[in-house]
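# Architecture at a glance
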Amino acid sequence: MLHALWQGLASSKSAVADDAPVFDRAQVKLLNEHFAIGKKLRYFPENHNRIFLRTVVIAYCINDQVLYAKDDIIFADDGLPKGFQSADGKVVAFGKWEVFRLLLPDTTEMEKQLDYTTRAELGRGGQFGKGNIITLVGDVVDHRVPLLETHVHAHKVMHDGPYADTSTVLVTPDFDTLALADRRKKQRVQCAIAASLHYANETAVFTCKLSDFSELTLCLRPTGAGSRMPTLDTRNAVIAEFEVPGEPSRYRIRGRAFRHGDDFCVIEIDQLYRDGKFNRIHMMDIVEIKTGLLNLQH
């Protein structure tokens, strides 16, 4: 009888444990809002936050199920997750979710775009070495950028489904790092100096002014009243060129316009022209430019 009672208690405890959610509903809701299945994203490997590569969320992998469609996840009217539809047609309640991962395409080929130093820092395993951090970057929302650190779990060649024979990477999201960050607010230096914007395959030049500069971005604005910034294609690289008064160097910075309108253009900083070619911009370059701009204010 005592044995039966003990088994009953153990079974009861197990049921309670099974019903207790492993994940926070609000965090999963936020992740789904900014890193949904099918969402095109940017990312950077490890701590190389000046390198932005392209990716897309192929699927969510919950427990042992690969979910390719958004409709496979069941959400309440308030956006909180309730469960998912398994392959056998059954609904797996949120409280039963034990493993949550994202499936990304294997973009190892993109490492060829990186300079030698960065590739060496990534090591022999490259950007997708097991345990490496891949930081996903979502679309800008109200001047804030969704960020999520993930850890590489494994490589996986899909054997069936819509991506059969495709090499992919399974990453585990660190929900504690999920945040909407203002990447420009804390570190930007306000200024107003003459600049030029080279766009349309660098053949067209627009005269403007540099209005602020940070570790990751710079902002250009039109110079005269009624003047408007040109229409830009976010897929193409642009070049911002300016000279800090009193400094001997003229800076040419290449990047992409990730936000722009009639009266502004925010460029994500990627490379700096030096020694006759564009190279990855270094922290010392950023410090040099910011120091020059800060001294203009005094």
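Predicted, not measured: the structure shown is a model, and the values here were computed from it.

## Thoughts on the sheet that holds strand 5 (residues 73–75)
Sheets are built from strands that pair by backbone hydrogen bonding, the pairs being arranged parallel or antiparallel. As summarised here, the arrangement of the 3 strands in space is 5-6-7, forming an open sheet in which the pairing is antiparallel. Each of the sheet's edge strands pairs with one partner strand only, and the pair in question is strand 5 and strand 7 (91–93). This sheet shows a mean twist of 30° between the axes of neighbouring strands, independent of strand direction. When strand 5 meets strand 6 (residues 81–85), the two strands line up antiparallel, connected through 3 bridges. For Ile 74, the partnering residue across the bridge sits in strand 6 and is Gly 83.

## Details of the environment of Lys 156
Structurally, Lys 156 can be placed in strand 10 (residues 145–157). Put simply, Lys 156 and Gly 38 are 118 residues apart on the chain and 18 Å apart in space, counted from C-alpha to C-alpha. With near-sequence residues (within four places) excluded, Lys 156 lies in contact with Thr 166, Ser 167, Thr 168 and Leu 170.

## Focus: the pattern of salt bridges
By the definition in use, this model includes 7 salt bridges. Lys 39 is the partner of Asp 139 in a salt bridge, and the nearest nitrogen-oxygen pair spans 3.0 Å. Of the two residues, Asp 139 sits in the loop between strand 9 (133–137) and strand 10 while Lys 39 sits in the loop between helix 2 (25–34) and strand 1 (40–45), which places them 100 residues apart along the sequence. Judged by relative accessible area, which is 26%, Lys 39 ranks as partly exposed. Taking the shortest distance from any N to any O, the salt bridge between Glu 241 and Arg 250 comes out at 3.0 Å. By sharing partners, the salt bridges in this structure join Glu 241, Glu 243, Arg 250 and Arg 252 into a single network.

## Side note on the nonpolar core
The biggest cluster of nonpolar side chains holds 33 residues, and the ones touching the most others in it are Leu 31, Tyr 60, Ile 62, Trp 97, Phe 100, Leu 102 and Leu 136. Of all the secondary-structure elements, those providing two or more residues to this core are helix 2, strand 1, strand 3 (59–62), strand 8 (100–105), strand 9, strand 10 and strand 11 (167–173). A total of 3 residues in this core trace back to one element, the largest contributor, which is strand 8. Those residues in contact with Leu 136 that sit more than four places away from it in its chain are Phe 35, Leu 41, Arg 42, Tyr 43, Thr 55, Leu 102, Leu 104, Pro 146, Leu 147, Leu 148 and Thr 150. One finds Ala 204, Val 244, Ala 257 and Ile 289 within the second-largest nonpolar core, a separate group that totals 30 residues.

Conventions we followed
- Residues numbered from 1 in each chain as written.
- Predicted model: local features only at pLDDT ≥ 70, side-chain atom pairs only at ≥ 80, totals over all residues.
- Heavy atoms only, no water.
- Pairing = 2+ DSSP bridges.
- Helix = DSSP H or I, 4+ residues; strand = E, 2+ residues; numbered from the N terminus.
- Axes fitted to C-alpha atoms, helices over the stretch in contact; angles between N-to-C directions.
- Contact = heavy atoms within 4.5 Å.
- Salt bridge = Lys/Arg side-chain N within 4 Å of Asp/Glu carboxyl O.
- Buried < 20%, exposed > 50% of the residue type's maximum accessible area, 1.4 Å probe, protein only.
- Core = buried A, V, L, I, M, F, W, Y, C linked by side-chain atoms within 4.5 Å.

Remember, this is a structural readout, not a statement about activity or role.
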